[in-house]
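# Descriptive analysis of the structure
For reference, the chains in residue letters:
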Amino acid sequence: MGITSHDVARLAGVSQPTVSRALRDDPRVSEATREKVRRAAQALNYVPSEAGRTLSTRATRRVGVIVTDLTNPFYPHVIAPLHDELSGLGYRMMLITERSDEAVAEEKLLDQSMDGVVLATATTDSRLPAQLERRGMPYVFLNRDTGRAGDFASVVDNEGGGRLVARELVALGHRHVAGVFGAANTTTGRERELGFRLALAEAGVGLVEDRVVRGAFEYDTGYRALPALLAADPAPTAVFCGNDVVAIGVLNAALAAGVKVPDDLTVVGFDDLPMAAWEVFRLTTVRHDLGELSRQAARLLVRRIAGEVDPGGERLVLPTEFVPRATHARAH
């Protein structure tokens with residue numbers, strides 16, 4: 001027979017339930033008792049059984065994170081701090097990757113192998129949130145949500161960020177502007193475009209449809225969009241991109257077409273990924289705190305698992321700021 005929690009309890013002089021609570025750092029157990037139990041467990045080389053914990057507490061201490069686009073450089077920068085924050089809160093992270101939310105089998109999430117779920121690439125038409133809600137599985141949105149009341153989400157002030165870009169471009173004298181926005185079924189795509197359009201309209205500047213492209217938040221979207229935008233009459237003098245990855249596609253397309261940035265064309269991104277500051281890009285963009293975006297999602301989910309949230313929903317919104325670098329200039 002291997003060493004059990006009962007053996008640890010006898011050595012520490014406490015009850016078996018106290019051992020279980022102490023090794024989970026339950027605040028109901030005094031620090032002195034927790035230390036005594038830890039010393040006893042170490043002396044006996046006792047390792048708590050995860051399966052046993054699950055049976056006794058009905059909690060797995062595991063959280064699933066659904067990401068449908070790991071090729072996007074954005075996601076490693078939010079997954080790492082999410083992992084670290086969850087770990088600090090006593091949870092293990094399980095990464096679930098599929099081509100779309102719809103491809104995620106409900107059974108994977110509802111087989112009692114996890115306590116909650118982070119949805120990192122949700123679309124406004126996804127059925128997965130409703131499935132999780134029906135089955136009582138706690139979840140939160142990270143970066144994107146559905147845009148509906150009652151969401152639990154950690155997001156960015158996308159509309160405000162779009163407004164910042166429009167105002168900067170107008171101040172630089174740009175009147176012929178274009179947008180390469182995210183997909184229409186994402187809140188990040190919709191809200192950034194909305195803020196941009198509203199601030200342009202307030203300044204008396206239009207955004208005509210032949211200077212608008214919508215697509216996935218990926219390099220190819222930007223690279224393929226620019227030739228058609230440049231063919232517009234008149235051609236745009238500035239392009240606002242739905243994120244930094246799209247903007248880098250636009251920059252490379254401009255280089256291939258012999259268009260000088262920023263002399264001939266201003267290009268602005270969104271997110272301020274670390275690569276945006278590389279000397280090869282020096283991309284003008286919109287910044288928000290990528291790490292805090294993830295950390296507050298983790299904390300919100302753990303509170304929802306514990307039942308410490310308003311059932312009416314909670315939407316945590318991070319502010320944005322304009323980051324001027326080397327890809328913007330005054331209109332000629």
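Because the structure is predicted, anything quoted here is derived from the model rather than measured.

### So, the overall build of the protein chain
A tally of regular secondary structure across the protein chain gives 12 helices and 12 strands. Reported as C-alpha extents along the three principal axes, the dimensions of the protein chain are approximately 85 × 40 × 30 Å. Taking all 332 residues of the protein chain together, 51% fall into the buried category. Accessible surface, the protein chain: about 15400 Å² in total, of which carbon and sulfur atoms supply 51%. The averaged location of the 43 negative side-chain charges in the protein chain is 5 Å from the averaged location of its 39 positive side-chain charges.

### With respect to the sheet that holds strand β9 (residues 266-268)
Reading across from one edge, β7-β6-β8-β9 is the order of the four strands in this open sheet, with parallel pairing throughout. Looking at the sheet topology across the chains shown, the edges are occupied by β7 (212-214) and β9. Each adjacent strand pair in this sheet contributes to an overall mean axis angle of 15°, direction not counted. Pairing of strand β8 (residues 238-241) with β9, which is carried by three bridges, proceeds in the parallel orientation. Opposite A238, over in β9, you have T266 as the bridge partner. Sheet contacts for helix α11 (residues 244-256): β6 (177-181), β8 and β9; angle to β9, the most-contacted strand, approximately 160°.

### Describing the packing of helix α8 (residues 158-171) against helix α9 (residues 187-202)
Packing of α8 against α9 leaves a shortest axis separation of 7 Å and a crossing angle of 40°. As α8 runs across α9, the sense of the crossing is right-handed. Contacts between α8 and α9 involve N158, E159, G162, R163, V165, A166, R167, L169 and V170 from the former and T188, E191, R192, L194, G195, F196, L198, A199, L200 and E202 from the latter. For the contact of α8 with α9, the per-class residue count stands at nine nonpolar, four polar and six charged.

### What to know about the sheet that holds strand β11 (residues 314-318)
Taking strand neighbours across the sheet as the criterion, the six strands line up as β2-β1-β3-β4-β5-β11 in an open arrangement whose pairing is parallel. Each edge of the sheet is formed by a strand with only one pairing partner; in this case those strands are β2 (92-97) and β11. Pairs of neighbouring strands in the sheet enclose a mean axial angle of 20°, with direction left out of account. Sheet topology note: the strand β5 (residues 152-156)/β11 ladder contains five bridges and is parallel. If you follow V155 over to β11, its bridge partner there is V317. Strands β1 (62-67), β2, β3 (116-119) and β4 (139-143) of the sheet are contacted by helix α5 (residues 76-88), whose axis makes an angle of about 150° with β2. Sitting on the sheet, helix α12 (residues 290-305) is in contact with β1, β3, β4, β5 and β11, with an inclination near 170° to β5.

### Re the side chain of T124
Considering the arrangement of structural elements, one finds T124 in the loop between β3 and α7 (128-134). Take T124: its relative accessible area is 11%, and that puts it in the buried class. Setting aside anything within four residues of it in sequence, one finds T124 in contact with D145, T146, R148, N185, T186, T187 and R190.

### A word on the side chain of E191
Among the structural elements, E191 can be located in helix α9. Side-chain polar atoms of E191 contact the side chain of R315, separated by 3.2 Å. Sequence-distant contacts of E191, defined by excluding residues within four places in its chain, comprise V156, N158, E159 and R315.

### Comments concerning empty space enclosed by the protein
Taken as a whole and assessed by the stated rule, the structure comprises one cavity of 30 Å³ or more. Put simply, the largest cavity is a space of about 70 Å³. Every residue along the wall of the largest cavity is listed here: N72, F74, Y75, N143, R144, T188, R192, F217, N243 and D271. When the residues that make up the lining of the largest cavity are grouped by side-chain class, the tally is three nonpolar, four polar and three charged.

### Considerations on the environment of G179
By the secondary structure assignment, G179 is in strand β6. Looking at G179, the relative accessible area reads 0%, which means it is buried. Taking the C-alpha atoms as reference points, G179 and F196, 17 residues apart in sequence, are found 8.8 Å from one another. Apart from residues no more than four positions distant in its own chain, G179 is found in contact with L207, R211, V212, V213 and F240.

### Digging into the packing of aromatic side chains
What characterises a pair of aromatic rings is the spacing of the ring centres plus the angle enclosed by the ring planes. If you walk through the whole model with that rule in mind, you get eight aromatic pairs. Here the aromatic rings of Y139 and F141 are separated by 5.6 Å at their centres, their planes lie at 85°, and the arrangement is edge-to-face. Taken individually, Y139 and F141 each receive the classification buried, so the pair is uniform in this respect. A centroid spacing of 4.8 Å and a plane angle of 45° characterise the contact between F196 and F240, whose relative ring orientation is tilted. In this pair, F196 sits in helix α9 while F240 sits in strand β8, placing the two residues 44 residues apart along the sequence. F240 shares its class with F196; the two are buried.

### Some remarks on the pairing of β3
The two faces of β3 match: G116 and V118 on one face and V117 and L119 on the other face are all buried. Pairing between β1 and β3: four bridges, direction parallel. Residue pairing across strands places I66 opposite L119, the latter belonging to β3. As paired strands, β3 and β4 are joined by three bridges and run parallel to one another. What sits directly across from V117, in β4, is Y139. With respect to chirality, the unit in which β3 leads through α7 into the neighbouring parallel β4 is right-handed.

Conventions used here
- Residues numbered from 1 in each chain as written.
- Predicted model: local features only at pLDDT ≥ 70, side-chain atom pairs only at ≥ 80, totals over all residues.
- Heavy atoms only, no water.
- Helix = DSSP H or I, 4+ residues; strand = E, 2+ residues; numbered from the N terminus.
- Buried < 20%, exposed > 50% of the residue type's maximum accessible area, 1.4 Å probe, protein only.
- Areas by Shrake-Rupley, 256 points an atom, 1.4 Å probe, with all protein chains shown as cover.
- Lys, Arg positive; Asp, Glu negative; His and termini not counted.
- Charge placed at Lys NZ, Arg CZ, Asp CG, Glu CD.
- Pairing = 2+ DSSP bridges.
- Axes fitted to C-alpha atoms, helices over the stretch in contact; angles between N-to-C directions.
- Contact = heavy atoms within 4.5 Å.
- Left-handed = near helix turned anticlockwise from the far one by under 90°.
- Nonpolar A, V, L, I, M, F, W, Y, C, P; charged D, E, K, R; others polar.
- Polar contact = N/O pair within 3.5 Å; in protein donor to acceptor, adjacent residues only side chain to side chain.
- 1 Å grid on protein atoms, 1.4 Å probe; cavity = no way out; pocket = protein on both sides within 12 Å on 5 of 7 lines; lining within 4 Å.
- Points joined across faces, edges and corners; volume = space filled by probe spheres on them.
- Phe/Tyr/Trp six-rings, centres within 6.5 Å; stacked < 30°, edge-to-face > 60°.
- Right-handed = clockwise from strand over helix to strand, strands pointing away.

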